[in-house]
There are 4 protein chains.
Amino acid sequence: MMIIMKKGATDADIGHVVEKLHGVGAEAHISRGEFKTVIGAIGDREVISQLPFDAMPGVEGVVSIMKPYKFVSREFKDEDTIINVGGIKIGEGYFTVMAGPCSVESEEQVLTTARMVKEAGAAILRGGAFKPRTSPYAFQGLGRQGLEILAAAREETGLPIVTEVVDVRDVELVAEYADILQIGARNMQNFLLLTEVGRTDKPVLLKRGFSATIEEALMAAEYIVKAGDSKIILCERGIRTFETYTRNTLDISSVPLIKQLSHLPVIVDPSHASGKRDLIAPLTMAGLAAGADGAIIEVHPNPEEASCDGQQSLAFEQFDSLMGKLKKVAPAFDKSLATGEYNGVR
Amino acid sequence: MMIIMKKGATDADIGHVVEKLHGVGAEAHISRGEFKTVIGAIGDREVISQLPFDAMPGVEGVVSIMKPYKFVSREFKDEDTIINVGGIKIGEGYFTVMAGPCSVESEEQVLTTARMVKEAGAAILRGGAFKPRTSPYAFQGLGRQGLEILAAAREETGLPIVTEVVDVRDVELVAEYADILQIGARNMQNFLLLTEVGRTDKPVLLKRGFSATIEEALMAAEYIVKAGDSKIILCERGIRTFETYTRNTLDISSVPLIKQLSHLPVIVDPSHASGKRDLIAPLTMAGLAAGADGAIIEVHPNPEEASCDGQQSLAFEQFDSLMGKLKKVAPAFDKSLATGEYNGVR
Amino acid sequence: MMIIMKKGATDADIGHVVEKLHGVGAEAHISRGEFKTVIGAIGDREVISQLPFDAMPGVEGVVSIMKPYKFVSREFKDEDTIINVGGIKIGEGYFTVMAGPCSVESEEQVLTTARMVKEAGAAILRGGAFKPRTSPYAFQGLGRQGLEILAAAREETGLPIVTEVVDVRDVELVAEYADILQIGARNMQNFLLLTEVGRTDKPVLLKRGFSATIEEALMAAEYIVKAGDSKIILCERGIRTFETYTRNTLDISSVPLIKQLSHLPVIVDPSHASGKRDLIAPLTMAGLAAGADGAIIEVHPNPEEASCDGQQSLAFEQFDSLMGKLKKVAPAFDKSLATGEYNGVR
Amino acid sequence: MMIIMKKGATDADIGHVVEKLHGVGAEAHISRGEFKTVIGAIGDREVISQLPFDAMPGVEGVVSIMKPYKFVSREFKDEDTIINVGGIKIGEGYFTVMAGPCSVESEEQVLTTARMVKEAGAAILRGGAFKPRTSPYAFQGLGRQGLEILAAAREETGLPIVTEVVDVRDVELVAEYADILQIGARNMQNFLLLTEVGRTDKPVLLKRGFSATIEEALMAAEYIVKAGDSKIILCERGIRTFETYTRNTLDISSVPLIKQLSHLPVIVDPSHASGKRDLIAPLTMAGLAAGADGAIIEVHPNPEEASCDGQQSLAFEQFDSLMGKLKKVAPAFDKSLATGEYNGVR
């Protein structure tokens with residue numbers, strides 16, 4: 001950490017900062033420029049970063065040299081983390097497609113969709129049983145019944161399931177049914193929920209908040225690891241910008257960046273990023289091309305009857321066509337579509 | 001709701017939308033332009049808004065004519081809501097200052113601060129017992145012990161207390177101690193927490209998320225009202241923008257706008273909005289001038305020893321000076337500083 | 001255009017709007033809902049859109065049904081526009097790579113680079129002779145001498161050249177030398193410059209401003225067409241967001257969106273979008289995968305000696321490696337790299 | 001400037017950076033931490049900042065310790081700059097109101113408005129003769145005739161005039177008529193125009209671009225000073241954010257911040273910031289309270305007939321009421337409204 005002193009900071013100001021550093025067992029390395037002095041703090045990062053330098057007299061600002069996360073960083077672990085969900089892999093050269101409806105609405109809807117996406121080549125079934133909705137007047141999900149429907153679909157098709165958990169009190173329940181626990185974008189900084197899912201042994205699909213920096217997304221993953229779980233899949237699902245033609249702006253740069261900064265796998269969510277059905281195929285392709293390990297895509301047997309997100313759900317033939325293109329293109333990027341038989345080990 | 005059809009939408013497409021509207025008991029009012037047709041949907045707003053028009057063939061987009069919130073709107077209730085916290089008011093021509101440390105660190109720290117801010121003219125004591133922190137390595141608060149310290153400070157000074165609740169499992173506990181329950185910016189769309197605090201009878205201080213639109217903030221308030229509680233104070237605390245000199249950008253326009261759109265009182269949080277001690281006084285003044293009903297300000301006996309937010313906390317003499325200016329300026333805006341004796345009625 | 005009246009708007013308010021519409025020869029189509037009335041305005045869009053409805057009593061807001069641009073829209077011209085620069089094409093299934101240094105620094109630098117990028121498969125040479133710089137203390141370009149150096153490189157290698165024009169007074173001069181006139185992001189709404197370049201017969205490479213919406217970018221293109229020139233290549237080069245790990249956020253969704261909304265070709269600029277050399281290859285690939293017609297990439301013989309943008313310039317071997325990957329991957333997207341002999345017809 | 005080396009940077013990498021610094025006559029001050037090394041560069045800032053450290057092997061990033069602007073900084077000149085426009089002052093405890101129509105439409109419109117705003121207490125007349133418009137189909141201004149109308153209004157009322165210049169070729173013409181040259185938000189980084197207006201001896205009203213950082217706005221002012229003119233008034237007119245209820249977000253924090261960082265006066269533009277008439281009064285008040293030296297406000301004799309910006313223009317009685325409030329409130333902030341007789345010295 002570098003502490004930058006104001007032009008005109010006195011020796012007493014500098015001495016004061018140095019004293020604070022010594023007080024926590026850190027070393028201070030003073031560098032005097034023509035106009036300003038910079039103090040390098042050397043010692044235990046977590047201890048030093050708690051000192052409120054900004055509040056000390058004569059201090060202009062503080063620059064972090066080290067990243068604020070550790071276990072999720074590429075510096076901590078160089079080789080890629082590969083997630084294995086009952087035999088289906090995320091990472092390791094696979095492009096893993098998770099597909100299914102926004103919300104679980106009925107057994108028939110989920111089973112029909114599960115059979116279709118399996119047939120088309122998806123590796124994992126998605127579906128929401130608990131839905132966080134901006135409006136208190138919108139459909140909030142089927143709850144436990146939704147989880148049972150998803151489990152029935154897994155039973156029949158052999159597709160592992162990913163589903164969102166929104167309430168700390170439901171983590172145990174959802175973990176009973178799900179193969180992957182999803183943390184939605186609005187809960188990316190719900191630190192209690194991060195801690196609770198981290199205490200289960202399930203892989204976690206962590207969506208980047210729509211106004212979270214990449215660094216904050218990695219900090220959120222760090223919370224989960226710190227609670228005990230290091231099987232995390234990060235998901236880029238668009239950030240909030242001034243552009244209004246799309247619901248959010250898919251930050252495609254985050255894909256190669258996160259792969260540089262971290263060893264965790266990264267997937268894209270083109271449905272939520274764009275909010276437009278027509279953009280799902282090109283954005284999935286862009287994700288693959290930028291190095292993503294997969295995509296999570298909304299599919300519905302009849303989008304215009306969907307209880308949520310109909311405008312950004314693919315109909316079956318559209319999903320099938322997209323999967324066809326992915327199979328054709330993936331080898332050019334040295335990837336293959338994840339498939340395989342679910343071996344029941346959850 | 002207006003459904004705008006694409007140029008080239010067929011009569012069948014239009015008929016299909018109309019049929020869907022009739023299916024939920026709504027009327028369709030067709031307006032054919034030279035190039036495009038617009039269908040006005042007339043009927044029960046909540047029912048109509050659930051229909052996924054965007055997913056129907058030939059539909060270009062949908063425009064909401066009605067606001068998506070109801071109970072919090074000025075249209076629903078014209079007169080201003082005034083919150084009464086044991087005799088201290090928010091609204092009704094008062095400018096109510098809530099002040100205190102970011103985190104409760106010790107009994108001495110809180111008592112010293114409470115006495116000082118009371119003396120300077122603050123009406124309500126703030127202080128965090130449960131802290132949501134971006135980094136898992138940062139101080140997370142004293143929990144129940146913190147609540148007890150706050151209660152002791154209220155006992156001595158007669159200042160009601162506002163404190164944050166972050167966990168649905170703690171709502172009952174925090175409500176036992178607090179006079180006002182605070183929902184932090186990161187939890188503004190934690191709909192479960194909104195519902196739980198709405199079930200208590202305590203006033204709620206709801207902070208706008210740093211990337212929430214004004215409409216979304218009002219929707220969050222609607223969740224609380226729908227759960228049973230209509231004593232809500234909205235708080236503008238800055239939004240995330242590209243500007244980096246300040247931590248966030250105080251959206252000062254939101255103050256008069258929310259007062260137009262809603263009957264709820266609005267306060268500003270200049271400490272979190274700016275992240276800079278030097279900006280707290282001018283931003284508090286700007287809040288007053290724009291029509292805010294109060295401000296929430298971080299004050300610490302020794303900012304450079306603070307366990308959080310030291311750089312944006314006022315020292316005692318700075319807070320005292322700000323309060324002096326507020327007392328001088330408020331009458332020009334036909335406001336007076338809220339004070340009064342806490343009557344113990346919580 | 002739909003004019004939405006406030007709840008409580010009077011018949012006189014409605015009549016007033018209708019009268020204004022009739023006054024410009026337009027028809028008014030009134031649709032009364034339970035709470036609000038909507039007036040559809042039917043007639044000459046350009047005339048109607050000049051009326052200040054927002055300022056009329058009882059008006060809540062205005063919704064445009066028609067897009068504000070015309071000549072650049074897909075609705076105006078359905079088939080893709082293909083730009084032909086002396087035999088090199090942009091559009092029509094080609095992926096056209098423009099490459100070269102940020103600034104023209106010397107004849108040797110440009111010639112070396114031109115030979116290299118030609119060898120590696122680039123189709124067009126880029127290089128700045130006039131540089132708009134945020135700091136008045138930064139290198140501002142070689143001016144006319146830079147143009148002469150670029151022309152010499154074209155002479156030798158047969159690569160057409162694209163270079164930026166920043167001053168209305170230089171348009172004629174730059175057009176004498178350049179094959180494509182570039183409008184930089186900061187000048188996207190310099191309407192005078194748009195008009196001047198539109199008066200030449202040169203193709204224009206129009207960069208989207210870093211805080212321009214897609215609609216505004218298309219409006220800027222409309223200015224150029226209106227001045228007489230319809231040979232426009234749009235370029236997505238990143239927008240300004242809160243994310244700080246990258247210089248800008250490449251809005252990859254804009255590629256398929258612009259191709260839906262407009263007939264003009266679109267390329268990506270991964271160098272300026274990211275500001276990071278390591279991201280250029282994955283972002284170029286993402287652009288190709290999302291449907292872009294090409295990319296513009298900074299290449300320098302010795303990035304660490306570059307007078308600008310060294311951190312986002314590829315060294316020769318890095319560019320060569322990227323071109324190799326593009327050649328391998330493009331066919332999977334039914335594209336081929338543009339090449340060909342410059343036929344001297346400018 | 002601090003150069004931060006990557007974890008794992010070699011001694012050769014460090015030596016290479018040091019060598020480059022020595023090459024330009026600068027000193028290098030090496031600080032080795034446990035994981036990373038930081039090199040402090042000491043010497044001529046403008047020379048050092050041109051070195052492309054980011055492109056050198058082993059370099060992780062660069063941190064500027066010094067601000068990139070000089071002449072406009074508070075560090076360069078401590079006392080406030082006061083602008084004197086023919087006897088009317090901006091700065092020095094005055095709150096100076098500039099008012100008038102968006103566009104000059106006719107002599108009658110301008111004269112009527114000028115008389116009214118003078119009567120109400122405005123000190124300077126605004127009005128656009130050259131208009132930059134997003135749409136090529138919108139009204140582009142009366143040009144020279146507009147300037148003549150403004151001059152006639154000055155002749156009659158004694159109000160100095162501020163008007164925008166958009167074309168480098170018109171700077172001389174506009175300077176013949178105007179007392180203050182306005183640079184619009186879209187031209188804030190039109191560096192040629194900044195240089196040309198800087199060559200005149202007229203004060204310049206420089207609007208912050210709607211997506212410019214405060215630092216970039218100060219850099220733009222630096223361009224003008226460098227060209228010869230130091231009589232600059234900065235203007236905050238809102239930045240582009242995700243919020244859609246307002247046209248832009250008035251960054252009220254920029255007012256006290258710019259006054260800390262620079263000696264230049266700062267005013268606010270509540271009309272363009274909000275795009276909503278109802279917000280003009282509270283935002284003007286907020287500007288005053290935050291320390292602004294004035295405001296620029298759109299006023300029109302009949303907003304609903306305005307050829308531009310009708311929805312954000314005040315009618316006469318609204319402007320009069322606002323001026324009344326300002327006169328009442330200003331003394332509480334130790335300010336007085338600028339008035340005075342224009343002495344003809346331009």
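Preceding this paragraph is the structure being described.
This one's a predicted model, so the numbers in the text were calculated from it and none came from an experiment.

Visitor: Just give me the short version of the overall build of chain A, but keep the residues and values in it.
Guide: When its secondary structure is counted, chain A shows 11 helices and 15 strands. Taken along the three principal axes of its C-alpha coordinates, chain A extends 75 × 40 × 40 Å. Looking at chain A as a whole, 68% of its 346 residues are labelled buried. At a minimum sequence separation of 6, the contacts of chain A that also span at least 24 residues come to 70%. Accessible surface, chain A as shown: approximately 11,300 Å² in total, 47% of it carbon and sulfur. The averaged location of the 47 negative side-chain charges in chain A is 2 Å from the averaged location of its 37 positive side-chain charges.

Visitor: Tell me about the relation of the copies chain B and chain A, and name the residues and values.
Guide: Between the two copies of the chain lies a relationship made up of a rotation around an axis and a movement along it. At an RMSD of 0.1 Å, chain B and chain A line up after a rotation of 180° and a shift of 0.0 Å along the axis. These values place the two chain copies in the arrangement generated by a two-fold rotation axis. Of every C-alpha in chain B, the one belonging to Ser211 of chain B sits nearest the axis of rotation, 3.1 Å from it. The residues that chain B uses at the interface reappear at the interface of chain A in 100% of cases, marking a shared surface.

Visitor: Residues and numbers for the packing of aromatic side chains, please.
Guide: In this structure the tally under the stated criterion is 10 aromatic pairs over all chains. Plain terms: the ring middles of Phe71 of chain C and Phe76 of chain C are 5.1 Å apart, the flat faces sit at 85° to each other, and that makes the pair edge-to-face. With relative accessibility at 27%, the residue Phe71 of chain C sits in the partly exposed group. Measuring from ring centre to ring centre gives 4.6 Å for Phe191 of chain D and Tyr223 of chain D, while their planes differ by 20°; the resulting arrangement is stacked. Note that Phe191 of chain D is positioned in helix 6 (residues 191–199) and Tyr223 of chain D in helix 7 (residues 214–227), a separation of 32 residues in sequence. Assessed through its relative accessible area of 8%, Phe191 of chain D is described here as buried.

Visitor: Can you tell me about the side chain of Lys131 of chain C, naming the residues and giving the values?
Guide: Residue and element names in this part refer to chain C. Here Lys131 is to be found in the loop between strand 8 (124–126) and helix 4 (144–157). A distance of 3.4 Å separates the side chain of Lys131 from the backbone oxygen of Cys102, its partner in a polar contact. With residues up to four places along the chain from it excluded, the contact list for Lys131 reads Cys102, Ser103, Arg126, Phe139, Gln140, Gly141 and Cys308.

Visitor: Which residues make up the interface of chain B and chain A, and what values do they have?
Guide: Each partner contributes to the interface: chain B provides 48 residues, whereas chain A provides 48 residues. Roughly 4,200 Å² of surface becomes buried between chain B and chain A when both sides are summed, with 51% attributable to carbon and sulfur atoms. When the buried surface of chain B facing chain A is broken down by residue, Pro136, Tyr137 and Glu304 of chain B rank first, second and third, together holding 19% of it. On the surface where chain B and chain A come into contact, there are seven salt bridges. With its nearest N and O atoms 2.7 Å apart, the salt bridge here joins Arg240 of chain A to Glu216 of chain B. For the pair chain B and chain A, the number of links is 13 residue pairs in polar contact (both at pLDDT 80 or more). Those elements that place two or more of their residues in the side of chain B that touches chain A are helix 1 (11–23), helix 6 (191–199) and helix 7 (214–227) of chain B. The element that contributes the greatest number of residues to the side of chain B that touches chain A is helix 7 of chain B, accounting for five residues. A breakdown of the residues in the side of chain B that touches chain A according to their chemical character gives 21 nonpolar, 11 polar and 16 charged.

Visitor: Go over unusual backbone geometry, please, and point to the residues and values.
Guide: Glycine aside, residues mostly have negative phi angles, and peptide bonds mostly take the trans form. If you check the backbone angles, Asp334 of chain A has positive phi at about 55° while not being a glycine. Looking at where Asp334 of chain A falls in the secondary structure, it is placed in the loop between helix 11 (316–329) and strand 15 (336–337).

Visitor: Pulling in residues and values, what's your account of the sheet that holds strand 1 (residues 2–5) of chain A?
Guide: Residues and elements named next belong to chain A. Taking strand neighbours across the sheet as the criterion, the four strands line up as 2-3-1-4 in an open arrangement whose pairing is antiparallel. One side of each edge strand has no neighbouring strand; the edge strands of this open sheet are strand 2 (27–32) and strand 4 (59–63). For this sheet, the mean inter-axis angle between neighbouring strands, taken without regard to orientation, is 20°. Two elements, strand 1 and strand 4, share four bridges in a ladder whose sense is antiparallel. What sits directly across from Ile4, in strand 4, is Gly61.

Visitor: Go over the environment of Ala114 of chain C with me, naming the residues and quoting the values.
Guide: Residue and element names in this part refer to chain C. Checked against the element boundaries, Ala114 lands in helix 3 (residues 107–120). Judged by its relative accessible area of 0%, Ala114 is buried. Not counting the four nearest positions on each side in its chain, Ala114 is found in contact with Leu125, Ala153, Thr157 and Leu159.

Visitor: Please give an account of the interface of chain B and chain D that cites residues and values.
Guide: Taken together, the 37 residues of chain B in the interface contact 37 residues of chain D. Buried surface at the junction of chain B and chain D, both sides included, amounts to about 3,100 Å², of which 69% is carbon and sulfur. Per-residue buried area on chain B facing chain D is highest for Phe242, Glu243 and Tyr245 of chain B; these three make up 20% of the total on that side. For the interface between chain B and chain D, the tally reads four salt bridges. For Arg208 of chain D, the salt bridge goes to Glu243 of chain B, with nearest N and O atoms at 2.9 Å. At the junction of chain B and chain D, the tally comes to eight residue pairs in polar contact (both at pLDDT 80 or more). Among the secondary structure elements, those contributing two or more residues to the side of chain B that touches chain D are helix 7, helix 8 (254–261), helix 10 (277–290) and helix 11 (316–329) of chain B. Tallied by class, residues from the side of chain B that touches chain D come to 22 nonpolar, seven polar and eight charged.

What counts, and where the lines are drawn
Residues numbered from 1 in each chain as written. Chains lettered and ligands numbered in written order. Predicted model: local features only at pLDDT ≥ 70, side-chain atom pairs only at ≥ 80, totals over all residues. Heavy atoms only, no water. Helix = DSSP H or I, 4+ residues; strand = E, 2+ residues; numbered from the N terminus. Buried < 20%, exposed > 50% of the residue type's maximum accessible area, 1.4 Å probe, protein only. Contact = heavy atoms within 4.5 Å. Areas by Shrake-Rupley, 256 points an atom, 1.4 Å probe, with all protein chains shown as cover. Lys, Arg positive; Asp, Glu negative; His and termini not counted. Charge placed at Lys NZ, Arg CZ, Asp CG, Glu CD. Least-squares fit on C-alpha atoms with pLDDT ≥ 70 in both. Phe/Tyr/Trp six-rings, centres within 6.5 Å; stacked < 30°, edge-to-face > 60°. Polar contact = N/O pair within 3.5 Å; in protein donor to acceptor, adjacent residues only side chain to side chain. Buried area = accessible area lost by both parts, 1.4 Å probe. Salt bridge = Lys/Arg side-chain N within 4 Å of Asp/Glu carboxyl O. Nonpolar A, V, L, I, M, F, W, Y, C, P; charged D, E, K, R; others polar. Pairing = 2+ DSSP bridges. Axes fitted to C-alpha atoms, helices over the stretch in contact; angles between N-to-C directions.

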